[in-house]
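Read off the chains here:
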Amino acid sequence: MIVITERATAALEQILLVNGAERRQGVKLVPDLSGRIGLTIATPDKGDEVIGSADEPLLIVDSRIKGKLDGSELDCEMALVQGEEVSEFHLRPAA
């Protein structure tokens with residue numbers, strides 16, 4: 001299971017709020033074609049790891065990558081990009 005820091009939890013909640021996520025939707029970590037991990041708002045699919053509650057997922061880890069991310073930590077820091085404050089997520093591997 002991925003560990004989510006308090007800062008990342010707050011940032012994920014903000015993403016869901018700002019984007020008008022529906023009930024049962026969360027921020028989902030998904031693999032892209034280049035092998036990197038992207039974020040999207042989605043409902044969990046069978047086999048996905050869901051962090052949060054059953055009715056209100058916060059973070060969903062795609063079943064294709066959940067084993068690779070087991071024990072990792074998701075953190076978030078604020079950064080200035082072109083004068084605008086944005087969230088930067090960092091996924092740190094298990095120690």
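Thresholds applied
- Residues numbered from 1 in each chain as written.
- Predicted model: local features only at pLDDT ≥ 70, side-chain atom pairs only at ≥ 80, totals over all residues.
- Heavy atoms only, no water.
- Core = buried A, V, L, I, M, F, W, Y, C linked by side-chain atoms within 4.5 Å.
- Buried < 20%, exposed > 50% of the residue type's maximum accessible area, 1.4 Å probe, protein only.
- Helix = DSSP H or I, 4+ residues; strand = E, 2+ residues; numbered from the N terminus.
- Pairing = 2+ DSSP bridges.
- Axes fitted to C-alpha atoms, helices over the stretch in contact; angles between N-to-C directions.
- Contact = heavy atoms within 4.5 Å.
- Polar contact = N/O pair within 3.5 Å; in protein donor to acceptor, adjacent residues only side chain to side chain.

Enquirer: Explanation requested: the nonpolar core in the structure shown.
Expert: Side chains of a nonpolar character, in soluble globular proteins, are inclined to be buried together. Counting 16 residues, the largest nonpolar core has Ile2, Ile4, Leu12, Leu29, Leu59 and Val61 as its most contacted members. Of all the secondary-structure elements, those providing two or more residues to this core are α1 (6-18), β2 (26-31), β5 (57-61) and β6 (73-81). Per element, the largest residue contribution to this core is 4 residues, and it comes from α1.

Enquirer: Help me understand the sheet that holds β5, please; the structure alone is not making it clear to me.
Expert: Across a sheet, paired strands are connected by hydrogen bonds in the backbone, their directions being either parallel or antiparallel. Read across the sheet, 4 strands follow the order β3-β2-β5-β4 without closing on themselves; strand pairing throughout is mixed. The sheet terminates laterally at β3 (37-42) and β4 (49-52), the two strands that pair on one side only. Each strand of the sheet is rotated relative to its neighbour by a mean of 25°, with strand direction disregarded. The strands touched by α1 are β2, β3 and β5; relative to β5, the strand with the most contacts, the crossing angle is about 100°.

Enquirer: Just checking my understanding: could you explain the side chain of Lys28 for this structure?
Expert: Relative to the elements of secondary structure, Lys28 occurs in strand β2. On the basis of relative accessibility, which here comes to 4%, the residue Lys28 falls in the buried class. There is a polar contact of 2.8 Å between the side chain of Lys28 and the side chain of Asp48.

Such coordinate-based values are descriptive only and should not be taken to indicate function.
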